[in-house]
Amino acid sequence: MKKVKKVKIKSKYYGILKVIGIILCLILGVFLFYVKQIHDLGKYGYSKEASKKILFSFKKSYVLTVGENKTLNRAFESSDYNEEYLDNYVKIDYVDHEHLIRNINKLLKIGYSNNDINIILKHGDDSAVERFAKREKIKYLEEFFNVDYAKLDNYDRYVKYADDTGEDEEDVVLFVNLDMDKGDYEDPKIVSKFSTDMLVNKHFALDDSFVPDDLVTIDEEYAADSDMQCSHIALNAFKEMSKAASSEGYEIVINSAYRSYQDQVELSDSYLHQYGQNYVDKYVAKPGFSEHQTGLAFDIGSRKTNVFAQSKEYNWMLDNSYKYGFILRFTKKDENITGFRNEPWHYRYVGKKVAKYIYDNNLTLEEYYVMFLDK
Ligand code: ZN
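Residues numbered from 1 in each chain as written. Predicted model: local features only at pLDDT ≥ 70, side-chain atom pairs only at ≥ 80, totals over all residues. Heavy atoms only, no water.

A.B. asks: Explanation requested: the coordination of the zinc ion in the structure shown.
C.D. replies: Octahedral metal centres with six donors ideally show angles of 90 or 180 degrees, and tetrahedral centres with four donors ideally show 109.5 degrees. The protein atoms that coordinate the zinc ion are His292 (NE2), Asp299 (OD) and His346 (ND1), at distances spanning 2.1 Å. As a motif over one chain, the donors of the zinc ion read H-x6-D-x46-H. On the criterion of sequence distance, the pair formed by His292 in the loop between helix H14 (277-283) and strand E6 (297-302) and His346 in strand E8 (residues 346-349) is long-range, its members being 54 residues apart. Neither His292 nor His346 differs from the other in exposure class; each is buried. (Donors = N, O, S within 2.8 Å, 3.2 Å for Na, K, Ca; no water. Helix = DSSP H or I, 4+ residues; strand = E, 2+ residues; numbered from the N terminus. Buried < 20%, exposed > 50% of the residue type's maximum accessible area, 1.4 Å probe, protein only.)

A.B. asks: Can you walk me through the side chain of Asn114 in this structure?
C.D. replies: Mapped onto the elements, Asn114 comes out in helix H7 (residues 114-122). In this structure Asn114 touches Asn88, Lys91, Ile92 and Leu108, once residues within four positions along its chain are discounted. (Contact = heavy atoms within 4.5 Å.)

A.B. asks: Would you mind showing me how to read the nonpolar core here?
C.D. replies: The tendency in soluble globular proteins is for nonpolar side chains to be buried side by side. Grouped together as the largest cluster of nonpolar side chains are 96 residues, with contacts concentrated most on Phe145, Ile218 and Phe298. By residue number, the principal contributor to this core is helix H12 (residues 232-247), which donates seven residues. Ignoring any residue separated from it by four or fewer positions in sequence, one finds Ile218 in contact with Ala223, Met228, Gln229, Cys230, Leu235, Ile254, Ala257 and Phe298. (Core = buried A, V, L, I, M, F, W, Y, C linked by side-chain atoms within 4.5 Å.)

A.B. asks: Please clarify how the pairing of E8 should be interpreted in this entry.
C.D. replies: Looking along a regular strand, one sees the side chains alternate between the two faces of the sheet. Residues His346 and Arg348 line one face of E8 and the alternating positions Tyr347 and Tyr349 line the opposite face, and both faces are buried. Note: E6 against E8, three bridges, orientation antiparallel. Counted as the bridge partner of Phe298 is Tyr347 from E8. One ladder, built from three bridges, connects strand E7 (residues 326-328) with E8; its direction is antiparallel. When the sheet's bridge partners are listed, Ile327 is paired in E8 with Arg348. (Pairing = 2+ DSSP bridges.)

A.B. asks: What exactly am I supposed to notice about the pattern of salt bridges here?
C.D. replies: Charged atoms that come close allow side chains of opposite charge to pair. Taken as a whole and judged by the stated rule, the model has 23 salt bridges. One salt bridge connects Asp179 with Lys189, and the closest N-O pair in it is separated by 3.2 Å. Of this pair, Asp179 sits in the loop between helix H11 (169-177) and strand E1 (189-190) while Lys189 is found in strand E1, placing the two residues ten residues apart along the sequence. For Arg329, the salt bridge identified is with Glu291, shortest N-O distance 2.7 Å. On the criterion of sequence distance, the pair formed by Arg329 in the loop between E7 and helix H16 (335-338) and Glu291 in the loop between H14 and E6 is long-range, its members being 38 residues apart. Glu291 sits in the buried class, given a relative accessible area of 3%. Through salt bridges with shared partners, one network takes in Arg157, Asp179, Asp181, Lys182, Asp187 and Lys189. (Salt bridge = Lys/Arg side-chain N within 4 Å of Asp/Glu carboxyl O.)

A.B. asks: Which parts of the structure should I look at to understand helix H18 (residues 365-373)?
C.D. replies: One turn of the α-helix equals 3.6 residues, which is why residues spaced by three or four share an orientation. Along H18, the positions that sit buried rather than exposed are Leu365, Glu366, Glu367, Tyr368, Tyr369 and Val370. Those residues of H18 that are buried are in contact with H11, strand E2 (204-205), E7, H16, E8 and helix H17 (352-361).

A.B. asks: Would you explain a negative patch on the surface in this entry?
C.D. replies: On the surface, Glu142, Glu143, Asp148, Glu167, Asp168, Glu169 and Glu170 cluster together into a patch of negative charge. Contributing elements (two or more residues each) for the negative patch: helix H9 (141-145) and H11. Turning to its location among the elements, Glu167 is positioned in the loop between helix H10 (155-165) and H11. Relative accessible area serves as the criterion here: at 32%, Glu167 is assigned to the partly exposed category. (Patch = residues over 30% accessible without salt bridge, like charges linked within 9 Å, V, L, I, M, F, W, Y side chains within 5 Å. Areas by Shrake-Rupley, 256 points an atom, 1.4 Å probe, with all protein chains shown as cover. Lys, Arg positive; Asp, Glu negative; His and termini not counted. Charge placed at Lys NZ, Arg CZ, Asp CG, Glu CD.)

A.B. asks: How do you make sense of H7 when you look at a structure like this?
C.D. replies: Within H7, seven of the nine residues are buried, leaving the element largely enclosed by the surrounding structure. By the burial criterion, the buried members of H7 are Asn114, Asp116, Ile117, Asn118, Ile119, Ile120 and Leu121. The elements touched by buried residues of H7 are helix H5 (86-91), helix H6 (100-110), helix H8 (126-132) and H9.

A.B. asks: I tried to follow unusual backbone geometry on my own but got confused; where do I start?
C.D. replies: Apart from glycine, the bulk of residues carry a negative phi angle, and the bulk of peptide bonds sit in the trans form. For Phe58, which is not a glycine, the phi torsion comes out positive at approximately 55 degrees. Using a relative accessible area of 73% as the deciding quantity, one classes Phe58 as exposed. With a phi close to 50 degrees, Asp187 is a non-glycine residue in the positive phi region. Checked against the element boundaries, Asp187 lands in the loop between H11 and E1.

A.B. asks: Can you walk me through the packing of helix H2 (residues 48-56) against helix H4 (residues 70-77) in this structure?
C.D. replies: Each packed pair of helices is defined by two parameters, the angle between the axes and the distance between the axes. Across the interface, H2 lies against H4 with an axial gap of 8 Å and an inter-helix angle of 75 degrees. Taken together, the axes of H2 and H4 are roughly perpendicular relative to one another. Along the contact surface, H2 presents Glu49, Ala50, Lys53 and Ile54, while H4 presents Asn73, Phe76 and Glu77. Of the residues contributing to the contact of H2 with H4, the split by class is three nonpolar, one polar and three charged. (Axes fitted to C-alpha atoms, helices over the stretch in contact; angles between N-to-C directions. Parallel < 35°, antiparallel > 145°, perpendicular 65-115°, else oblique. Nonpolar A, V, L, I, M, F, W, Y, C, P; charged D, E, K, R; others polar.)

A.B. asks: How should the packing of aromatic side chains be read in this particular structure?
C.D. replies: Ring pairs (aromatic) are described by centroid distance and by the angle formed between their planes. In this structure the tally under the stated criterion is 29 aromatic pairs. Their ring planes at 35 degrees and their centres at 4.8 Å tell us that Phe330 and Phe340 sit as a pair that is tilted. Of this pair, Phe330 sits in the loop between E7 and H16 while Phe340 sits in the loop between H16 and E8; the two residues are ten residues apart in sequence, bridging distant segments of the chain. There is no split in this pair, since Phe330 and Phe340 are both buried. An aromatic cluster of three or more residues is present, and its members are Tyr112, Phe132, Tyr140, Phe144, Phe145, Tyr155 and Tyr158. One Lys or Arg, Lys202, reaches over the ring of Phe340 and ends 4.6 Å from the middle of that ring. (Phe/Tyr/Trp six-rings, centres within 6.5 Å; stacked < 30°, edge-to-face > 60°. Lys NZ or Arg CZ within 6 Å of the ring centre and 35° of its normal.)

A.B. asks: How should I be thinking about the sheet that holds E8 in this particular structure?
C.D. replies: Strands pair in a sheet through their backbones, by hydrogen bonds, and they do so in one of two ways: parallel or antiparallel. Strand order in the open sheet formed by four strands is E5-E6-E8-E7, and the pairing between neighbours is antiparallel. Each having just a single partner strand, strand E5 (252-256) and E7 make up the two edges of the open sheet. Neighbouring strand axes in the sheet, compared pairwise and without regard to direction, differ in orientation by 45 degrees on average. Where E5 and E6 come together, four bridges link them in antiparallel fashion. In the sheet register, Val253 faces E6, and the bridge partner there is Gly301.

The analysis is restricted to geometry; functional conclusions fall outside its scope.
In structure tokens:
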């Protein structure tokens, strides 16, 4: 009797162990299956976090048909994921915005198409898109936002400026981005960082404390007067240009270079006494709005004649100055963009790369700024 009982107990334990074993195997099996699924999705660039959500929402086969898709990955990662918009996520280009999925949801709800949203996402950062998604559906999306550098935040100004001026969309976007829908000197952007491609005009101003980083005195052989100053980097470029000009028989000289804020105040006052307010308003930049305060602008003359525009040096500069990093800043044809009348003598150092681009593409510094620097 005793013996039989032992066997019974043994077989009871054996049974329990067997069940535990089977459960463990099942758990292991499920685990390995799960790891394999995550691995499969990982091959297409889906993160672990996204993959988990894909599996638990039974969308794996859908995702595998789509293949690699960064927006879809972000959607599954996001707490804003909305299954209703699954097909839309797939067709919307990925941008690295924190609230990408939330903003896409909002824009879809307003009634924008996938293509509209692709356009919208290209024209603003996360917070600009967020602001844009709060407004009602706009009327002229493609008209303005097919221009590369159009900004979401400027939309209302584009519409108003287009109505007021009748300019085409490209010009409207350019002028508004340059704040030219505001009056001259009105509510200017304050530029405080010195850089060779900095923009200063009637809408981009320097404050009275701005002084170029690398101010030096110009060697007398290059300037019409002693004690003139300018930016060191611009001076080195001028020397190189002057030597090249000289070797070809052209003699250029600096007639005016750096002017401090205070210098511009005094200059303005002296013109006011001599010629009156109208003249000053028309021809003299207000203090803070003159490029000469950057130390990067030179009024250039010919050593051979007083009228620079009629000199051989003038023509040499037109053809060659860009090679040394200088651009003719205020041309006749671009008076409506630069806001300054044609000044054949006023050159601006912007660096060789920028100068070449501006020269090759027949641009102004304003256009270059809007296209590449206004981020
Ligand atoms: Zn000048």
